[in-house]
Amino acid sequence: MKKTIYPKLIIGYLLFGILGFTVVSTITSYFSYQYIKKNEISNLYKEANLIASDYAVSYYSNYITLSDFESRLKVIHTYLAAQIWVIDREGNILVDSTKSSDSSNLETIPDFNISDFKTHYYQTGFFYDYFNEEQLSVYAPISVNYKVRGYVIIHKPLHLLSSYNQGFLYISYITLVVLLICAFILLALYTIIFIRPVHKISKAAARYAEGDFEIPLDIHTDDEIGRLAASLTYMANELNTLEEDQRKFVSNVSHDFRSPLTSIKGYIEAMLDGTIPTSNQEKYLKIILFETERLNKLTASLLELNKYERRGVMLDITRFDINNVIKMTARTFEGICKEKRISIELILTGQVLYTRADMSKIQRVIYNLIDNAIKFSYGDSIITVETTVKNEKIFVSVKDRGIGIPKECIGKIWERFYKTDLSRGKDKKGTGLGLVIVKEIIQSHSENINVISTEGVGTEFIFSLPLHQAEDE
């Protein structure tokens, strides 16, 4: 079973949930309790000071009766949910908000010492073992005429603070659950938007690697995933086309090698078994020589092209007259042109036209283009070779009035061994490598070559070279 990223996302989601609940139950619980405790201490201290400075002083100054004082404390007791004491300096409980006072029978807190509060105005615990559960005890001194007469102490059970904290935690847990639900929705959306498309792309890429380019990749989003899918679809189409081209390439190579070899084999066998008489052997030996030259030319072109593609074209850059090179190259075709009743017209700019390039390789380009034009020209037609100058560039044009190239084939003429169906009947000795070598040479000079062709009208190849002024010599 192949591993996928989706289980990792699920595990990450579960870990997030567990970690969230752990954090809420520990860290959030601790800090929220401390906050509640601190806030409660502050509130109780304010109330204790209010009682000590107002009600208690009024009581000690005989402005209010004990009954009034007790009733007011009971109201505050109900409001605070806390027990309120007024005790003297010896620890006798003078007033208790939970019951009526009896001056003849006062309760005493054993070992009471206000200094036990130290620098704080509160403490937590059982308050000298008076209570059965832990209390938060806050005190404020009662000062009358600048003398401390007693203390107001407010006791609040700590379990009430814990219940407040539990309520706060309950809200936190609800919030966390909502966040987890939102995270799950986001995970589902992430699955739909990213995981599924990536899975489709991965599956398609695996099929493409196996050579099956027909699997559809139906992803049309306008984002990185969509662009990746579009790139893969384009790549698959190109690879599918390349595979078809490779089959055609093999077919072309087989045809170009098999035909001359079959002719050579057949003629030699015919001569050996006497089918071809001795008097006619010279004729067929010339045919064998012609086919052998075809094979030799094909092999040489393949080796040359492989050398170009493997190491790049090694250039011997010199300054030379391109017009003169064109004239000399055109002369080499006088014999075949006379035989096919084809004339070459030269339209050259100026007496001399200098460029800087590899002269032998540019001569090869011109030779291949003129040779190609002759192969596909009609009899009694004209091939035009023209040079023009524009924007410090020399443009060389080779134009024929021949069979032309079908529109759908123009983009493929630069491929190895590619021949159009129209050319097969006319080009008997071509290798299908001439134009490939031409393009390699021109591109090695960092220049461009283009083709313009109309089927049944003719074809024009135009390539550029750098202009080198004659006065620089």
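See the structure above.
None of these values were measured; they are calculated from a predicted model. (Residues numbered from 1 in each chain as written. Predicted model: local features only at pLDDT ≥ 70, side-chain atom pairs only at ≥ 80, totals over all residues. Heavy atoms only, no water.)

Turning our eyes to something else, we now look at the sheet that holds strand S4 (residues 122–125). Strand order in the open sheet made by the six strands is S3-S2-S1-S6-S5-S4, with antiparallel pairing throughout. If you trace the sheet from one side to the other, it starts and ends with strand S3 (107–108) and S4, each paired once. Where strand S5 (residues 135–144) and strand S6 (residues 147–157) come together, ten bridges link them in antiparallel fashion. The partner of Pro141 across the bridge, within S6, is Tyr151. Contacts from helix H1 (residues 6–60) reach strand S1 (83–88), strand S2 (92–96), S4, S5 and S6, with the element oriented near 30° to S5. Across the sheet, helix H2 (residues 66–80) is in contact with S1, S2 and S6; its angle to S1 comes to roughly 140°. (Pairing = 2+ DSSP bridges. Helix = DSSP H or I, 4+ residues; strand = E, 2+ residues; numbered from the N terminus. Contact = heavy atoms within 4.5 Å. Axes fitted to C-alpha atoms, helices over the stretch in contact; angles between N-to-C directions.)

The next subject is the pattern of salt bridges. Oppositely charged side chains may form a pair once their charged atoms are brought near each other. Overall, the coordinates contain eight salt bridges when judged by the stated rule. As a salt-bridge pair, Lys361 and Asp358 come within 3.5 Å of each other at their nearest N and O atoms. Judged by its relative accessible area of 3%, Asp358 is buried. Lys375 serves as the salt-bridge partner of Asp371, at 3.2 Å between the closest nitrogen and oxygen. Linking Asp371 with Lys375, this pair stays in helix H8 (residues 359–375), spanning four residues, or about one helical turn. Note on Asp371: relative accessible area 11%, which makes it buried. The buried category is assigned to Lys375, whose relative accessible area is 14%. (Salt bridge = Lys/Arg side-chain N within 4 Å of Asp/Glu carboxyl O. Buried < 20%, exposed > 50% of the residue type's maximum accessible area, 1.4 Å probe, protein only.)

Moving on to the pairing of S6. Here S6 lies mainly inside the structure; eight of its eleven residues are buried. Relative to S6, S1 runs antiparallel, the two sharing six bridges. Across the sheet, residue Trp85 finds its bridge partner in S6, namely Ile153. Taken together, S5 and the strand that follows it, S6, pair antiparallel across an intervening segment of two residues, in which Asn145 is found at a positive phi of about 50°.

All right, on to helix H10 (residues 434–444) then. Of the residues making up H10, those classed as buried are Leu435, Val436, Ile437, Val438, Ile441 and Ile442. With its phi angle positive at about 60°, Ser446 sits one or two positions after the end of H10.

Along its length, helix H3 (residues 158–209) shows its largest kink, about 40°, at Thr191. Just downstream of H3, Gly211 is the residue with a positive phi angle, here 95°. (Bend = angle between axes of the 7 residues up to and from the residue.)

Before going further, it helps to spend a moment on the nonpolar core. Core analysis: the biggest nonpolar cluster contains 36 residues, and Ile322, Ile362, Ile366, Leu369 and Phe463 have the highest contact counts within it. Elements with a minimum of two residues in this core: helix H6 (322–331), H8, strand S10 (382–390), strand S11 (393–400), H10, strand S12 (449–454) and strand S13 (458–466). No other element matches the seven residues that H8 contributes to this core. Once residues lying within four places of it in the same chain are set aside, the contact partners of Ile362 are Phe320, Ile322, Ala357, Ile442, His445 and Leu465. With 28 residues, the next largest nonpolar core counts Tyr55, Val86, Leu136 and Ile154 among its residues. (Core = buried A, V, L, I, M, F, W, Y, C linked by side-chain atoms within 4.5 Å.)

Another point: a nonpolar patch on the surface. On the surface, Phe21, Val177, Ile181, Ile185, Leu186, Leu189, Tyr190, Ile192, Ile193 and Phe194 cluster together into a nonpolar patch covering about 880 Å² of accessible area. Considering each element in turn, the nonpolar patch owes the most residues, nine residues, to H3. Tracing the chain through its elements places Phe194 in helix H3. You can call Phe194 partly exposed: its relative accessible area is 34%. (Patch = residues over 30% accessible without salt bridge, like charges linked within 9 Å, V, L, I, M, F, W, Y side chains within 5 Å. Areas by Shrake-Rupley, 256 points an atom, 1.4 Å probe, with all protein chains shown as cover.)

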